Amino acid sequence: MTRRLLVVAIGLLALVGGAITYVVQARDGGATENAVPVVSGQTMALDGKTLFFRNLAAGPDAGKLAAVPVGNPGAARRVGDLHCDRFAAAGGTAICLRLKPGSLPPLTEMIVLTGSLHEKHRETLPGTPSRARVSPDGRIVNWTLFVSGDSYAATGFSTRTGLYQVDTGRMVKTVEELAVFVGGKRYFASDVNYWGITFGADGNRFYVTMASKGKTYLIEADFRAYRGTAIAENVECPSLSPDGRRIAYKQKVSNGTWRLAVLDLASRQVVHPPETRSVDDQPVWQGNSTLLYPIDKDIWSVGLTTPPKLFIGQAASPSFS
Amino acid sequence: MYLASVGPLRTPLRRVPGNVVALGIVSLVTDVSAEMVTAILPLYLVFGLGLNPLQFGLLDGLYAGATAVLRLVGGHVADRWRRLKTVAGVGYALSAVSKLGFLAAGSAVPAIGAVLAVDRAGKGIRTAPRDALISLSSAPETMGRSFGVHRALDTVGAFLGPLVATAVLWASLGDYDSVFVTSFCLAACGVILLGAFVRDQAPAPRPVPVRGGLPVLGLLKEANFRRACVWAAALGLFTITDSFVYLAVQRRWDIGTNLFPLLPLGTAGTFLLLAIPLGRLGDRIGRWKVFLGGHLALILALLLVCGPIGAWWLVLVLHGMFYAATDGVLPAAVGPLLPEHLRASGLAVLQTGQALARMAAAVTVGLLWTLWDLRPAILAITVALLAVTIAAAVLKPLEVRR
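Quick caveat: nothing in here was measured; it's all calculated off a predicted structure. (Residues numbered from 1 in each chain as written. Chains lettered and ligands numbered in written order. Predicted model: local features only at pLDDT ≥ 70, side-chain atom pairs only at ≥ 80, totals over all residues. Heavy atoms only, no water.)

Caption draft 1: Structural context of the overall build of chain B. Looking only at helices and strands, one finds 16 helices and zero strands in chain B. Here chain B holds 402 residues, and the buried ones make up 56% of them. Of the contacts made within chain B by residues no fewer than 6 positions apart, 85% connect residues no fewer than 24 positions apart. A total accessible area of about 16,000 Å² is found for chain B, and carbon and sulfur atoms account for 69% of it. (Helix = DSSP H or I, 4+ residues; strand = E, 2+ residues; numbered from the N terminus. Buried < 20%, exposed > 50% of the residue type's maximum accessible area, 1.4 Å probe, protein only. Contact = heavy atoms within 4.5 Å. Areas by Shrake-Rupley, 256 points an atom, 1.4 Å probe, with all protein chains shown as cover.)

So this is what it looks like as structure tokens:
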């Protein structure tokens, strides 16, 4: 009996010891040198000539907000101290979403930044960061978070999309109260989900994806009137071009596969840029004819008719400002 | 008050059969392992792997159904081979191995689905033989207390899981693989503890070989057992799913979204505190009465959610009371009705019927919610549950023995 107890004790100790050893080695596992050239300790600002992105290159600066000149995206990336999982900037305002460390269930810190990237406002929200945008006039920041139930077997995931008015401090934690019309009738359903807001230059017109009963709709909405109309189906993560004429988005092909598509708002024509791989993100416009989007851990660019090319390696969440 | 006089402090574990305590500790360790993965899974999928979580969740219903079927298989095989401990051990081991599967699966979505399926399969297989072991290890007159002790220990594990996961993420600087490895090691500890400290209860061999069909089908001819199964399923048909309760609480009292994920802790905390006292109460006054009383607690909770009075914490307390009065009390009530050689398969039939009925309830409430709204949907199902509870109380399907 005592021998058996000894064997059991050794087995338990070996397992617990093994777990602790694994955790400790994982702690030291991070790379100590950056895999790509990085200039650290930089101060950055929204100067209108910079491309910002999340640095994914392994090393001590992985996960930080990085910047390169728009004219020379291959230059060494400059980083400061700011960590962001999603970043976007426009009109002298920036939004940084990041997972709050050590929070279970997960919480996201939504940080509003000024033109010199100083913190102006912070909110802690439930969920994990998914999308972030700033209206072209810099007055409204918006975000989408993934929210999960308390058990992976009991409930699925949903998205929660909210926005914050920088001048007034008015916060809308979820846009689910938006009055939406589908086919001319006010739409009510308990399962509506929203994701991926994009604002027009007037800071009032915006577009967002609404999902309900297995369909997704492109909603064109008026912020002041707080009502919207479905203008297309199978549109996710809309992104309005700077000239306000086109919507780039991801179009679902099958479960887990999307392709880039561009909708002309005036003619309602849909074209597909020559990118054949699956794209799962809200595209970013560079000018009015080029799109940026992530594939694996790199940012690619594609013209409406010109072929895709690698834009910046080891990067995500691009934004021009 | 009666409840206070039988509080857990006056229930030293040594008065509970050693096998039950051992099984409770195995469940505790296993639940820490399972809940730590549950807690980080959304984070892992979205952040660790960069997957779009909206593509998950579709298979949930399938898994729940498969778990129910495998519970029947686990119960049947355990009785057939007269190897309760071995079959339970296979279930625990499958779930343990699945934790390492996460490391191997990487970001391949079908592989992750397969890993989750193996985990659920393990849970399905082990449940019935484990409950049969608890039942066979206890004297019939204190079976409620035994199940109460087991469920209380189990819930402690569910509490600790997210805390351990947070600690591991903190210590490993956010390394998800460390969580899976730790979870595997804990689950393996559970298997070792089961092997070393749980004694198998070889049920008496079946007296007369049953000809044709599964012996468990013959069990359903047994009036008492059949009635218990039918009433448990009938109550299950109108038992609202947890997530709807929490959603309703959030709407009624406008609970901040930050606090929303913490609502289940209120239920679990009450469950933990009341599992043993209510199990003992069942031993004294009749387990079926306590089982029905638990449903009254749920009805009261739902009425508070819909009505003008009450407080959110009171709803959670009543919801936890519902679990404490039903989850372990039902197998304790029905176990003694079953012959020893069919204990696992009989409990599997009982619990599977209840689980399938509750799945149907979830679909119904979801449908009513879409058609009407959340409040009328809850009111409708509450009224139906009240009617079935009263019928079950009047017809007294089980009060023959205590």
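Caption draft 2: Representation of a nonpolar patch on the surface in the model. Residues and elements named next belong to chain B. On the surface, Leu296, Leu386, Ile390, Val394 and Leu395 cluster together into a nonpolar patch covering about 470 Å² of accessible area. With four residues, the top contributor of residues to the nonpolar patch is helix 16 (residues 374-395). Within the secondary structure, Leu395 sits in helix 16. The class of Leu395 is exposed, set by a relative accessible area of 57%. (Patch = residues over 30% accessible without salt bridge, like charges linked within 9 Å, V, L, I, M, F, W, Y side chains within 5 Å. Salt bridge = Lys/Arg side-chain N within 4 Å of Asp/Glu carboxyl O.)

Caption draft 3: Expanded view of the interface of chain A and chain B. Every contact between the two is made by 47 residues of chain A and, on the other side, 49 residues of chain B. Taken over both partners, the interface formed by chain A and chain B buries close to 4,000 Å², and the fraction arising from carbon and sulfur atoms is 71%. Inspection of the chain A/chain B interface yields zero salt bridges. At the junction of chain A with chain B, the criterion picks out two residue pairs in polar contact (both at pLDDT 80 or more). Where the side of chain A that touches chain B is concerned, the elements lending two or more residues are helix 1 (2-27), strand 8 (119-126), strand 9 (128-134), strand 10 (140-148) and strand 11 (157-165) of chain A. The dominant element in the side of chain A that touches chain B, judged by the number of residues it contributes, is helix 1 of chain A, at 12 residues. Residues belonging to the side of chain A that touches chain B are distributed by class as follows: 24 nonpolar, 14 polar and nine charged. (Buried area = accessible area lost by both parts, 1.4 Å probe. Polar contact = N/O pair within 3.5 Å; in protein donor to acceptor, adjacent residues only side chain to side chain. Nonpolar A, V, L, I, M, F, W, Y, C, P; charged D, E, K, R; others polar.)

Caption draft 4: How the structure looks around the sheet that holds strand 6 (residues 93-99) of chain A. Residue and element names in this part refer to chain A. The antiparallel open sheet is built from four strands, whose spatial order is 5-6-7-8. At either end of the open sheet lies a strand with only one pairing partner, and these are strand 5 (86-90) and strand 8. Strand-to-strand twist in this sheet, taken as the mean axis angle between neighbours without regard to direction, amounts to 15°. Here strand 7 (residues 107-113) runs beside strand 8; their pairing, made up of seven bridges, is antiparallel. What sits directly across from Val112, in strand 8, is His121. (Pairing = 2+ DSSP bridges. Axes fitted to C-alpha atoms, helices over the stretch in contact; angles between N-to-C directions.)

Caption draft 5: Summary view of the packing of helix 5 (residues 109-137) of chain B against helix 15 (residues 343-371) of chain B. Residue and element names in this part refer to chain B. Between helix 5 and helix 15, the shortest axis-to-axis distance is 8 Å and the interhelical angle comes to 120°. The angle between helix 5 and helix 15 places the two elements in the oblique class. Crossing handedness for the pair helix 5 and helix 15: right-handed. Listed contacts from helix 15 to Thr127, Ala128, Pro129, Asp131, Ala132, Ser135 and Leu136 of helix 5 are Arg343, Ala344, Leu347, Ala348 and Gln351. Looking at side-chain class alone, the contact of helix 5 with helix 15 contains seven nonpolar, three polar and two charged residues. (Parallel < 35°, antiparallel > 145°, perpendicular 65-115°, else oblique. Left-handed = near helix turned anticlockwise from the far one by under 90°.)

Caption draft 6: Broad picture of the environment of Gly174 of chain B. All names here are of chain B. Among the secondary structure elements, Gly174 is positioned in the loop between helix 6 (143-171) and helix 7 (176-197). Residue classification places Gly174 among the partly exposed positions, given a relative accessible area of 40%. Note: C-alpha distance between Gly174 and Leu318 (144 residues apart in sequence) is 37 Å.

Caption draft 7: The arrangement of helix 10 (residues 242-253) of chain B in detail. Residue and element names in this part refer to chain B. With 12 residues, helix 10 should cover 16 Å at 1.5 Å per step; its first-to-last C-alpha distance of 17 Å lies within 8% of that length. Turning to helix 10, its buried residues number three or more, namely Phe244, Val245, Tyr246, Ala248, Val249, Gln250 and Trp253. Buried residues in helix 10 make contact with helix 11 (263-285), helix 12 (287-306), helix 13 (312-326), helix 15 and helix 16. Downstream of helix 10 by one or two residues, Asp254 has phi in the positive range, about 50°. (Expected span 1.5 Å × (residues − 1).)

Caption draft 8: Structural detail: the nonpolar core. Residues Ile40, Phe102 and Ile240 of chain B are the most contacted members of the largest nonpolar core, which totals 122 residues. It is helix 2 (residues 18-48) of chain B that contributes the most residues to this core, 16 residues altogether. Among all residues touching Ile40 of chain B, those that are not within four sequence positions of it are Leu104 of chain A together with Ala165, Leu169, Tyr176, Val179 and Phe180 of chain B. (Core = buried A, V, L, I, M, F, W, Y, C linked by side-chain atoms within 4.5 Å.)

Caption draft 9: Quick peek at helix 9 (residues 223-237) of chain B. With 15 residues, helix 9 of chain B should reach 21 Å at 1.5 Å per residue; the first-to-last C-alpha distance of 21 Å fits that figure. Turning to helix 9 of chain B, its buried residues number three or more, namely Asn224, Phe225, Ala228, Cys229, Trp231, Ala232, Ala233, Leu235 and Gly236 of chain B.

Caption draft 10: Inspection of the confidence of the model for chain A at higher detail. In this model, chain A carries a mean pLDDT of 92, and residues with pLDDT of at least 70 account for 96%. In the predicted structure, residues 150-155 of chain A sits below a pLDDT of 50 and forms 16 contacts with residues beyond four places in sequence or in another chain. (pLDDT = per-residue confidence, 0-100.)

Caption draft 11: Region of interest: the packing of aromatic side chains. Residue and element names in this part refer to chain A. One pass over the full model with this rule turns up 14 aromatic pairs over all chains. Seen in terms of ring centroids, Tyr187 and Tyr217 are 6.4 Å apart; in terms of plane orientation they differ by 55°. Their pairing is tilted. Of this pair, Tyr187 sits in the loop between strand 14 (185-186) and strand 15 (193-199) while Tyr217 sits in strand 17 (residues 215-222), and the two are 30 residues apart along the sequence. Look at Tyr217 and you get buried, because its relative accessible area is 8%. A ring pair is formed by Phe206 and Phe223, whose centres lie 6.4 Å apart and whose planes are at 70°; its orientation type is edge-to-face. With Phe206 in strand 16 (residues 205-212) and Phe223 in the loop between strand 17 and strand 18 (227-233), this residue pair connects regions lying 17 residues apart in the sequence. Both residues of the pair, Phe206 and Phe223, count as buried. Ring-pair connections join several aromatic residues into one group, and the members of that group are Phe199, Phe206, Phe223 and Tyr226. The side chain of Lys250 reaches across the aromatic face of Trp258, ending 3.7 Å from its centre. If you follow Arg277 out to its NZ or CZ, it ends over the ring of Trp300, 3.9 Å from the centre. (Phe/Tyr/Trp six-rings, centres within 6.5 Å; stacked < 30°, edge-to-face > 60°. Lys NZ or Arg CZ within 6 Å of the ring centre and 35° of its normal.)

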